[in-house]
Structure formats: structure tokens, C-alpha cells
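# Analysis of the macromolecular model
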Amino acid sequence: MRAHAAPAGLQCLGCGHCVAIGPVYKGCPRCGHVLITQYEALEVGLPVAAAAEAVAGRVPASPADLGQGSTPLLRADDPDGTVWLKCETANPTLSHKDRMQSVVSAMSRKLGHPGLVTTSTGNNGVAAAAFARRAGLKCLVIAHPGMPANCIWAISALGASIITASPLATERELIGTLVARGWAPVTSADPRCGSGWANPYIVDGYRSIGAEICAQLGRIPQVVALPVAGGDTFAGVWYGLQEVASTVGAAPPRMLAVQPEGAAWMARAQRDGEDASPLAAPSTAALSVLSELAGRHAVRSLITSGGLAISVPEADMLAETDRLAGLGLLVEATSALPSAGIRLARAAGNIKANETCVAVVTSSAFKWPTNGETLPREPSIRDRETLLEFVAGL
Ligand SMILES: [Zn+2]
């Protein structure tokens, strides 16, 4: 059993103001910046495995446990053998969102909320429905109009309510109404993203991804790549990696923030800073990262790590889903971005051949059938003779 450590408090990334743990859902009360949970300092000089275990346990013990986390770290197919794939596809609802929803459900129970309200293009809604149900909480998912039908089905089958609310003002009003009734908003850790609400416990679920990577490698990697939408996962994984590295006394990795060219706000933020203007009309087939800007905690994580924002052409992203399918991994388009980004960064000389890189593969394509468009499909076979011909040709 993993030992759990509850957060000791919240601290503002903007002005440093400290706030007690509680239902604080508008960001810093003084300046509106992002609040991040703080924990007791760990003993310095621990071995990697012990440091990773301690960092991964920095979440409240959860009544919403479905066996999330402890996902496999698999070798990729690069010629140098230095690229690894952290397969979040192995989580109970097939994405990294399970880690976050487990923690958020636990905190929501602890803080006495009757339910949680979240926004989703697919993955997050399914995870929210599963973990809220497990924790005995009500759940409303506000769905993007492009959410795949099987995600809608899964959310309903798990007992959550689902609705589409457009325009954004309607969504904000709906969330505000439920928050006024005591519900927890689960949208982003940065109040400037999307709904105007912020949940500081969102980021905590993702620290364990960074910790597990170090434990599985037995050391700290040089580069870790993730797709970025709102940036909660990106920041959470960075915090986990940084905490393990500082506890061990090693250098932390550089973070690659990988986005499709049509929704590449992080590259703009790397150039212009965390208050860079939002994208006017983001566009990509990767619905999970269709975002006009990301959270300020993500930009700070990128800069602090000495990392790099990478923009991947749409065609390269889709080709990478085929490449990963060739390794037996069926992933949604968004999840192909990190390994495609590592390849581009290597070609540009930003990563050396001997540097250990980890691509976080965030979600399976089983919930995203439209991503299969780029994969070759055999025609359906309806008669025996054609079947025999087909078999002979294999
Ligand atoms: Zn502040």
C-alpha cells in the first residue's frame, strides 16, 4: 500500500500568497493567479525508488480508487533505443484523466461537495463519470459539441448527467449555478482558462506520472514530452519530476510542450510570455488539445525546466498514430504528439542522440473512432470465396 500525504496548503504562483486547503475555486484571492498545493519537504538524498514513491503518494487517500496509475513504460522504436513511451492508455477509462479525477473526487468528498461539474471533449468526461460514481458524488459533464458518441454513451452509462452548453457564457453560468449550490468545479487549475473557475487539486493527480517514470527508468530522464491543452497535466508531471530530481539530488529533465501547428499557443507563450494573446481560431483534428491558450502554470513549468515548445504539422501527427499502431499501440491523435515532437526536436539538434526521452502517451483511440481515418482498413468480407482469397493473400 502506498503511503499518502495530504497537501499542507495552497500557494499562489504569481504573488506567493498562501491559502489554507479548502474550496478555493477562483485562483489566488489577491491576484487571481494559479494556486498550487504545497507539501511537507522530503528528505534530501533518497534513492530514486524511495523518492518516487514519496512523490507519487502526495495525494489524499482516495475513496475513488479504480486501480488507476502504475502504467507501463515501453520502449519506442527509435534506432538509438533511448525513447520510451509512458502508456497512460492502460488506465481504467483508458486515459491519464483517471489520475486527476481520482484525486479531485477524493478532495471533493473531503471538502463536503455533493457533486462535481466538469467540461470535456471526451476523455475527461468519462473519467469524471467513473470516479465520481465510485466516490458517491453527483457529476455533470458539459460536453464539447464534437465529443464522440461512444464517450457520450460511456458517461451516461456510468450514471453522470451530460449536456452541451454553448456559447461559453452559458457554460460559465451553468457552472456558477452549481458552484453556488456547493458543487466543485473541475475545469482547470488556472481561472483564466475556459470556464473562469479554477480547481487547485487538478494538478495533483498528475505528479505520479513523473514519479513513476523515474522509478521505472531507475533514474531521471533528460527529456519528457507531453501534449498541452490547458496545461494541467504538463505542470503536474513537471512537478512530480522536479520533486523526485531534487529529492535525489539530480538535474530535472527538460520538458517538451508539444502541440499541433494549428493550436500551438505554447510556442507563442515561450516567445511572448505567459500573458501572450490567445489564438484567434485554433484548428486541429486532435480535439483534446483544441485550445486557444494554456494555463500560466504550464508556461512556468516549460520555462523553469529549460524546455521547448514544439509545433507538429497535422500530417506528422496523424502519421505518428500509424507509427504507434505499428508498435501495437492504438492512440488518439493528441497522444501521438509527444513522440512526433521528440523526433522533430532531435532532427533540429535540440536533443542529443544519447539523451533519454520519455513521451507520455495520454489516451487510447478506443474512445475516438474518428482518429482511425488514417489507419489502413480492409474491406468487409461477406462471402466465403472472398474470405478464402483474402486469407490466401495474407
Ligand atoms: Zn497571488
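Everything numeric here is computed off the predicted structure, so don't read it as measured data.

### Observations regarding the overall build of the protein chain
Across its full length, the protein chain carries 12 helices and 13 strands. Relative to a compact globule of 394 residues, whose C-alpha radius of gyration would be 21 Å, the protein chain shows 21 Å and is just as compact. Its C-alpha atoms give the protein chain principal-axis dimensions of roughly 70 × 45 × 45 Å. Per-residue burial over the protein chain gives 55% buried out of 394 residues.

### A look at the domain arrangement of the protein chain
One can read the domain layout of the protein chain as domain 1 (73–92 + 203–374) and domain 2 (97–186). Taken together, the contacts link 14 residues of domain 1 with 16 residues of domain 2.

### Some points on the packing of helix H1 (residues 48–56) against helix H7 (residues 232–248)
In contact at an axis separation of 9 Å, H1 and H7 are set at 140° when each is read in the N-to-C sense. By the angle class used here, H1 and H7 are oblique. Of the two elements, H1 crosses H7, and the hand of that crossing is right-handed. Between H1 and H7, the residues in contact are Val48, Ala51, Ala52 and Val55 and Gly240, Glu243, Val244, Thr247 and Val248, respectively. Looking at side-chain class alone, the contact of H1 with H7 contains six nonpolar, two polar and one charged residues.

### Regarding the packing of helix H2 (residues 97–110) against helix H3 (residues 123–135)
With their axes 9 Å apart at the nearest point, H2 and H3 run at an angle of 40° to one another. When the interaxial angle is binned, H2 and H3 end up oblique. Along this stretch, H2 crosses H3, giving a crossing that reads as right-handed. Within the contact between the two elements, H2 uses Lys97, Asp98, Gln101, Ser102, Ser105, Ala106 and Arg109 and H3 uses Asn123, Asn124, Ala127, Ala128, Phe131, Ala132 and Ala135. Among the residues making up the contact of H2 with H3, the classes are represented as six nonpolar, five polar and three charged.

### Considerations on helix H10 (residues 314–325)
End to end, H10 covers 17 Å across 12 residues, agreeing with the expected 16 Å (1.5 Å per residue, within 8%). For H10, every residue scored as buried is listed here: Met317, Leu318, Glu320, Thr321 and Leu324. The buried residues of H10 occupy one face: seen down the axis, they fall within an arc of 150°. Along H10, the residues that are exposed and aim more than 90 degrees away from the buried face are Ala315 and Asp322.

### Some points on the environment of Ser339
With respect to the secondary-structure elements, Ser339 resides in helix H11 (residues 337–347). Note: C-alpha distance between Ser339 and Arg323 (16 residues apart in sequence) is 9.8 Å.

The rules behind the values
- Residues numbered from 1 in each chain as written.
- Predicted model: local features only at pLDDT ≥ 70, side-chain atom pairs only at ≥ 80, totals over all residues.
- Helix = DSSP H or I, 4+ residues; strand = E, 2+ residues; numbered from the N terminus.
- Rg over C-alpha atoms; globule rule 2.2 N^0.38 Å.
- Buried ≥ 20, exposed ≤ 12 C-beta atoms within 10 Å, placed from the backbone.
- Domains from an automatic or database assignment.
- Contact = placed C-beta atoms within 7 Å.
- Axes fitted to C-alpha atoms, helices over the stretch in contact; angles between N-to-C directions.
- Parallel < 35°, antiparallel > 145°, perpendicular 65-115°, else oblique.
- Left-handed = near helix turned anticlockwise from the far one by under 90°.
- Nonpolar A, V, L, I, M, F, W, Y, C, P; charged D, E, K, R; others polar.
- Expected span 1.5 Å × (residues − 1).
- Arc of directions from axis to C-beta.

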